[in-house]
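Report on the structure
Okay, here's what each chain looks like letter by letter:
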Amino acid sequence: MPTVDITREHSLGKEEARQRAQKLADKLVQKLDAKCSWEGDQLTFKRSGADGCITVSDTDVRVQVNLGMMLTPMAGMVKSEVQKALDKYLV
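Below you will find a few notes about this structure. Bear in mind that the values here come from a model prediction, so they are computed numbers and not experimental data.

Turning next to the environment of Gln 83. Position of Gln 83 relative to the elements: it lies in helix α2 (residues 75-89). According to the relative accessible area criterion, Gln 83 is partly exposed, its value standing at 30%. The spacing of Gln 83 and Ser 11 is 72 residues in sequence and 17 Å in space, taken between C-alpha atoms. Once residues lying within four places of it in the same chain are set aside, the contact partners of Gln 83 are Ile 6 and Arg 8.

Okay, here's the thing in structure tokens:
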């Protein structure tokens, strides 16, 4: 079960939402030193102590993050940052 699981609706269309999800992924790479890759409509990311995915559909974007034991206490902060990023990129 993901530590953080947020779904946000959008009216951008799948391709535009995917492009914006890539911007979010670029931020993850920069801030968290994560490795990211697309598999269909799902972008997976991984770094030491955390992994997850961003799934893009025609109507929503879902972000799931699994935090390791050492990072679990930061779940509230991670959730807040993901919500801010979604607000920024999906507007």
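There's plenty left to go through after this.
In this model, α2 (15 residues) spans 21 Å end to end at C-alpha, consistent with the 21 Å of a helix rising 1.5 Å per residue. Residues of α2 that are buried sit in contact with β1 (4-9), α1 (14-32) and β5 (60-67).

Turning to the nonpolar core, a few remarks are in order. Counting 24 residues, the largest nonpolar core has Leu 24, Phe 45, Ile 54, Val 61, Val 63, Val 65 and Leu 86 as its most contacted members. Put simply, the parts of the chain that give this core at least two residues each are β1, α1, β3 (42-47), β4 (50-56), β5 and α2. At six residues, α2 tops the list of elements feeding residues into this core. Leave out the neighbours within four places in its chain, and Leu 86 touches Ile 6, Arg 8, Leu 24, Val 61, Val 63 and Val 91.

If you walk through the whole model with that rule in mind, you get zero disulfides. Summary of cysteine pairing: Cys 36 is not part of a disulfide, and the nearest cysteine sulfur, belonging to Cys 53, is at 11 Å. Overall, Cys 36 belongs to the partly exposed group, its relative accessible area being 27%. The exposure class assigned to Cys 53 is buried, which follows from its relative accessible area of 10%.

This part takes up the sheet that holds strand β2 (residues 35-39). Strand order in the open sheet formed by five strands is β1-β5-β4-β3-β2, and the pairing between neighbours is antiparallel. Of all the strands in the sheet, the pair left with one neighbour each is β1 and β2. Each adjacent strand pair in this sheet contributes to an overall mean axis angle of 15°, direction not counted. When β4 meets β5, the two strands line up antiparallel, connected through seven bridges. Bridging from a neighbouring strand, Thr 55 pairs with Arg 62 of β5. Sitting on the sheet, α1 touches β2, β3, β4 and β5, and the angle it makes with β4 is about 165°. Against the sheet, α2 touches β1 and β5, its axis set at about 15° to β1.

What counts and how
Residues numbered from 1 in each chain as written. Predicted model: local features only at pLDDT ≥ 70, side-chain atom pairs only at ≥ 80, totals over all residues. Heavy atoms only, no water. Helix = DSSP H or I, 4+ residues; strand = E, 2+ residues; numbered from the N terminus. Buried < 20%, exposed > 50% of the residue type's maximum accessible area, 1.4 Å probe, protein only. Contact = heavy atoms within 4.5 Å. Expected span 1.5 Å × (residues − 1). Core = buried A, V, L, I, M, F, W, Y, C linked by side-chain atoms within 4.5 Å. Disulfide = S-S within 2.5 Å. Pairing = 2+ DSSP bridges. Axes fitted to C-alpha atoms, helices over the stretch in contact; angles between N-to-C directions.

Read these as layout, nothing more, since geometry by itself doesn't imply function.
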